[in-house]
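Given next are the chains, with one letter for each unit.
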Amino acid sequence: MTQYVEVALAVPLRKTFSYGVPKHQSPAHIGARVLVRFGPQTQVGLVVAHSDTPQVSPDKVRSYIKCLDDQALFPETLLQLCQWAARYYFAPLGQMLTQALPLALRQDVSATLETELQWSLTDAGEGIDLSEFKRAKQQLKVLTALNQSPLPQSQMEQIASKSVLKVLQDKGVIQAQPQPFEPDLSWRQQLQTNEAPLTLNSEQAIAVAAISSQQGFQTSLLEGITGSGKTEVYLHLIDAQLKKGNQVLVLVPEIGLTPQTVSRFQRRFDVPISVLHSSLTPKQRLNAWLRARAGESAIIIGTRSALFTPMKWPGLIILDEEHDQSFKQQEGVRYHARDLAVMRGHLEQVPVLLGTATPSLETLHNALSERYHHYQLKSRAGNAAIASHSLIDLTHQPLEAGISPALFEKIGEQLRAGNQVMLFLNRRGYAPALLCHECGHLHQCQRCDAFYTLHKSNHQIHCHHCDDVQAIPHQCVNCSSTLLFGHGVGTEQLEQVLAERFNDYPIVRIDRDSTRRKGELDKRLKGIKNGDYRILIGTQMLAKGHHFPDVTLVGLVDVDGALFSSDFRAPEKVAQLITQVAGRAGRASKPGHVVLQTHQPQHPVIQQLLREGYGPLSRSLLTERQHAMLPPSTHMLLFQAEAHEGQRAYDFLFEVANLLRGYQALEVLGPLPAAIERKAGKYRYHLICQAANRNHLQAIIEANLDAIEQLELARKCRWNLDRDPQDL
Ligand code: ADP
Ligand code: ZN
Ligand code: ZN
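Residues numbered from 1 in each chain as written. Chains lettered and ligands numbered in written order. Predicted model: local features only at pLDDT ≥ 70, side-chain atom pairs only at ≥ 80, totals over all residues. Heavy atoms only, no water.

Caption draft 1: Structural view of the pattern of salt bridges. Applying the stated criterion to the full structure yields 36 salt bridges. For Arg-264, the salt bridge goes to Glu-232, with nearest N and O atoms at 4.0 Å. Here Arg-264 is found in helix α10 (residues 258-268), whereas its partner Glu-232 is found in helix α9 (residues 230-243), with 32 residues between them in sequence. Overall, the relative accessible area of 31% leaves Arg-264 in the partly exposed class. A network of salt bridges, in which partner residues are shared, links Glu-195, Glu-232, Arg-264 and Arg-268. (Salt bridge = Lys/Arg side-chain N within 4 Å of Asp/Glu carboxyl O. Helix = DSSP H or I, 4+ residues; strand = E, 2+ residues; numbered from the N terminus. Buried < 20%, exposed > 50% of the residue type's maximum accessible area, 1.4 Å probe, protein only.)

This is the structure:
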């Protein structure tokens, strides 16, 4: 008989806690939540093991207060996934589990679906003499209806008002009870499709045939240029799974992409689809989660954290745009949804499919070394031609809002021909700095090593790093001059200048500022599709997922900034971005043309990308990484520390480095200042650890974690661990 349970709690301690089972109760199931006392507080925790011996002496063990779930919340595989992730990311299990659970379940509430109330007659109501109610017409109507059969709340409200129901309820003749949730599983009996699938071309057919015949766990990379029909491949694979009665989990990078994906899936399949993304209310999210767990949702589509959605009959996991940065969690446990998706496939014994036009070097490495299957789609499937590319050398050119005369000319040509033009600049606001024309002073945020961005439309300067906002100053803080100008170009300025130059052509801007209001992004995207706009301006928000067939010219206003970042992934990211932006345009009758403006026309990354495309370039970059001993050929772990008193953060990392430096298998770099050393008043430092062997890295860190946590400075600064960091 189990006397104790081990409970994982959302506390920053890398251990579980023993609790006793309350008297006369059977122990809470593994995977169920319990309410416990922890110090002076009560907390919700998850039971992860049963035991006969507690971790502390039995007289010190308290019993948990109550059990919140009569069954495990997660299937065992998901519990194992969280355990694996907690270990891999060096995180407390309780923290990982808490992050994996829907927000609503982190509290003392039951994990049951909101269901409708059902009205019926009570025993007293059954025997009642209806003639007594002759004068109360409304009440009589209710009783007569319920005499036939019980009715749900929604129908009852059509018959009588709430007050009438209340009167009868108070008389004790009718009652309302919550209906138990019965999942509707009809999709498993007979799959209904709304539209016929397309006939696959041979590249698509090869991928579908191969992947749909996979048994158990296997990972595949589907590398297909934009518009090559990857989504159509997904739809065929999903179809095959649904026919077997299996559920499919589809992960997409951006919330902006979900409505589009969802509607495409809905057009094809007449099945329940759960959508999980960050703008759901906690209740909506819980409902979607529970329906998926009950097997009612045939398809589950969501962003990063939807990875942890339980499925009753898992069949396939698809991760679209696998290269996308947003799959990496940047707070709490910094997991990578792509890597955990592969691990989940392994634990559930189902295939995993990673799709993209521009594979991350990590995934490419796995595909080329045959750890993953690799399928390629090299031509566009629908009616779109591949865009052509050209370069504009900006050196010695007169620029207006960053645009060269040659690009202005091309824009004019396409507009006059009735086409759409898209300009891409990954910098929002009017200008990235406010410059004094007399003394050269650039207005800097008081709390960050960064300049304020000038936003003319709302008369503000805004620090994009700490969110500090100020009115635009009238005078220079340094010399009191009033000659203050925006320095550099942002999307707002680009829009203003283009609107002046091409005032006959409607213009739309898509960035975080212009789409802040709810529904605004959707509205603007629809406007573009309808042809309401001729000039499209955007940041990388515009580069993701959407296809704009009437766009015939894509201009990348400035690629240099991204190219010269200190991040070793910069060339990979730039090449992905350029390729993704370029992929948005064109159709067969109106092929797209992509123009890159740069001061570095000879840059080898740009050169190879234009000559050979992302495929060959990415393979060259992979070789370079191997020579430089950088990921994915080595494994990286980043310690980040920050403190108002910078020395503490630095000294903490210095001591960590001392603990770790003795190992041959580990290379330790730093402490180094972060790219932006001071942010929101805190000084930030990095310590980079690299190992050729992943297991060595794991073992060395595990062996030292306790000692690191016990360093006195560990409590005097904020710090975290980032395994496989994406941003350096
Ligand atoms: P991707 O996901 O690779 O960007 P999509 O699946 O969205 O590509 O396909 C791009 C366009 O080509 C869509 O309009 C789609 O309907 C069409 N398409 C895809 N596969 C086929 C096919 N086999 N035959 C005809 N059209 C196709
Ligand atoms: Zn000045
Ligand atoms: Zn700031």
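From this point on, the discussion continues.
Caption draft 2: Up close: the coordination of the zinc ion (ligand 3). Coordination of the zinc ion (ligand 3) by the protein comes from Cys-445 (SG), Cys-448 (SG), Cys-463 (SG) and Cys-466 (SG), over a distance range of 2.2 to 2.4 Å. Along the chain, the residues donating to the zinc ion (ligand 3) fall in the pattern C-x2-C-x14-C-x2-C. Within this pair, whereas Cys-445 is found in the loop between β18 (433-436) and β19 (453-455), its partner Cys-463 is found in the loop between β20 (460-462) and β21 (469-471), the two being separated by 18 residues in sequence. Taken as a pair, Cys-445 and Cys-463 share a single burial class, namely buried. (Donors = N, O, S within 2.8 Å, 3.2 Å for Na, K, Ca; no water.)

Caption draft 3: Representation of the coordination of the zinc ion (ligand 2) in the model. Distances from the zinc ion (ligand 2) to its protein donors, Cys-436 (SG), Cys-439 (SG), Cys-476 (SG) and Cys-479 (SG), fall within 2.3 Å. Each of the four donor atoms bound to the zinc ion (ligand 2) contributes to angles spanning 104 to 114 degrees, and the resulting shape is tetrahedral. Summarised as a motif, the one-chain spacing of the donors to the zinc ion (ligand 2) is C-x2-C-x36-C-x2-C. Taken together, the residues span a long stretch of sequence, with Cys-436 in strand β18 and Cys-479 in the loop between β21 and β22 (484-487) at a distance of 43 residues. (Tetrahedral: all angles 85-135°; square planar, octahedral: opposite > 155°, others 65-115°.)

Caption draft 4: Focus on the packing of helix α13 (residues 361-368) against helix α20 (residues 614-627). Across the interface, α13 lies against α20 with an axial gap of 10 Å and an inter-helix angle of 90 degrees. Taken together, the axes of α13 and α20 lie roughly perpendicular to each other. Each of Leu-361, Leu-364, His-365 and Leu-368 in α13 lies in contact with α20, whose residues at this interface are Tyr-614, Ser-618, Arg-619, Leu-621, Leu-622, Arg-625 and Gln-626. Residues belonging to the contact of α13 with α20 are distributed by class as follows: six nonpolar, three polar and two charged. (Axes fitted to C-alpha atoms, helices over the stretch in contact; angles between N-to-C directions. Parallel < 35°, antiparallel > 145°, perpendicular 65-115°, else oblique. Contact = heavy atoms within 4.5 Å. Nonpolar A, V, L, I, M, F, W, Y, C, P; charged D, E, K, R; others polar.)

Caption draft 5: Summary view of the nonpolar core. One finds Leu-97 and Phe-308 to be the most contacted residues of the largest nonpolar core, which totals 52 residues. For this core, the secondary-structure elements that each account for two or more residues are β4 (41-51), α1 (76-88), α2 (93-100), β10 (247-251), α11 (282-293), β13 (314-320), α12 (337-348) and β14 (352-356). With seven residues, the top contributor of residues to this core is α1. Grouped together as the second largest cluster of nonpolar side chains are 34 residues, Val-508, Leu-542, Phe-548 and Tyr-614 included. (Core = buried A, V, L, I, M, F, W, Y, C linked by side-chain atoms within 4.5 Å.)

Caption draft 6: Inspection of the sheet that holds strand β2 (residues 17-20) at higher detail. Ordered in space as β2-β1-β4-β3-β5, the five strands form an open sheet in which the pairing is antiparallel. At either margin of the open sheet sits one strand with a lone partner, and together these are β2 and β5 (66-67). (Pairing = 2+ DSSP bridges.)

Caption draft 7: Summary view of the site of ligand 1. Around ligand 1, 16 residues are found, and the nearest of them are Thr-199, Gln-204, Lys-230, Thr-231 and Arg-264. Between ligand 1 and the protein, one listed contact pairs an oxygen atom with a side-chain N or O atom of Thr-231 at 2.6 Å. Contact between ligand 1 and Glu-232: an oxygen atom at 3.2 Å from a main-chain N or O atom of the residue. When ligand 1 is considered free in solution it has 560 Å² of accessible area, and contact with the protein chains removes 69% of it. In terms of residue class, the shell around ligand 1 is made up of four nonpolar, nine polar and three charged. (Near = heavy atom within 4 Å. Polar contact = N/O pair within 3.5 Å; in protein donor to acceptor, adjacent residues only side chain to side chain. Areas by Shrake-Rupley, 256 points an atom, 1.4 Å probe, with all protein chains shown as cover.)

Caption draft 8: Just the sheet that holds strand β9 (residues 219-224), in detail. Strand order in the open sheet formed by seven strands is β11-β12-β10-β13-β14-β9-β15, and the pairing between neighbours is parallel. Each end of this open sheet is capped by a strand with a single partner; those strands are β11 (273-276) and β15 (373-377). On average, adjacent strands in this sheet sit at an angle of 15 degrees to one another, irrespective of strand direction. Of the strand pairs in this sheet, β10 and β13 are connected by five bridges, and their pairing is parallel. For Gln-247, the partnering residue across the bridge sits in β13 and is Pro-314. Sheet strands in contact with α11 are β10, β11 and β12 (299-302), and its direction is about 140 degrees off that of β11. Each of β9, β14 and β15 touches α13; the most contacted strand, β9, lies at about 115 degrees to it.

Caption draft 9: Broad picture of empty space enclosed by the protein. Considering all chains together, one arrives at one cavity of 30 Å³ or more under this definition. Space inside the largest cavity adds up to approximately 80 Å³. Considering every element that reaches the lining of the largest cavity, the biggest residue donor is helix α18 (residues 570-582), with three residues. For the lining of the largest cavity, a count of residues per class yields no nonpolar, six polar and seven charged. (1 Å grid on protein atoms, 1.4 Å probe; cavity = no way out; pocket = protein on both sides within 12 Å on 5 of 7 lines; lining within 4 Å. Points joined across faces, edges and corners; volume = space filled by probe spheres on them.)

Caption draft 10: Expanded view of α2. Counting buried residues along α2, six of its eight residues qualify, which places the element largely inside the surrounding structure. By the burial criterion, the buried members of α2 are Leu-93, Gly-94, Met-96, Leu-97, Gln-99 and Ala-100. The secondary structure elements touched by the buried residues of α2 are β1 (4-8), β4, α1 and α11.

Caption draft 11: Molecular detail of the pairing of β14. Of all five residues making up β14, five are buried, and the element is well covered by its neighbours. In β14, alternate side chains face the same way, and those of Val-352, Leu-354 and Thr-356 on one face and Leu-353 and Gly-355 on the other are all buried. Pairing geometry for β9 and β14, over five bridges, is parallel. Its bridge partner being in β14, Glu-223 is matched across the sheet by Thr-356. Pairing geometry for β13 and β14, over four bridges, is parallel. Each bridged residue has a counterpart across the sheet, and for Ile-317 the counterpart in β14 is Val-352.

Caption draft 12: The packing of aromatic side chains, seen in detail. For the structure on display, the rule yields ten aromatic pairs. Here the aromatic rings of Phe-17 and Phe-38 are separated by 5.1 Å at their centres, their planes lie at 75 degrees, and the arrangement is edge-to-face. On the criterion of sequence distance, the pair formed by Phe-17 in strand β2 and Phe-38 in strand β3 (residues 33-38) is long-range, its members being 21 residues apart. Note on Phe-17: relative accessible area 12%, which makes it buried. Taken together, a centroid distance of 4.9 Å and an interplanar angle of 85 degrees make the contact between Tyr-88 and Tyr-89 edge-to-face. (Phe/Tyr/Trp six-rings, centres within 6.5 Å; stacked < 30°, edge-to-face > 60°.)

Caption draft 13: Geometry of the side chain of Asp-722. Its place among the elements puts Asp-722 in strand β30 (residues 718-723). The class of Asp-722 is buried, set by a relative accessible area of 3%. Among the polar contacts made by the side chain of Asp-722, one reaches the side chain of Lys-328 at a distance of 2.5 Å. Residues in contact with Asp-722, not counting those within four places in the same chain, are Lys-328, Gln-330, Arg-334, Met-636, Leu-637, Leu-638 and Gln-640.

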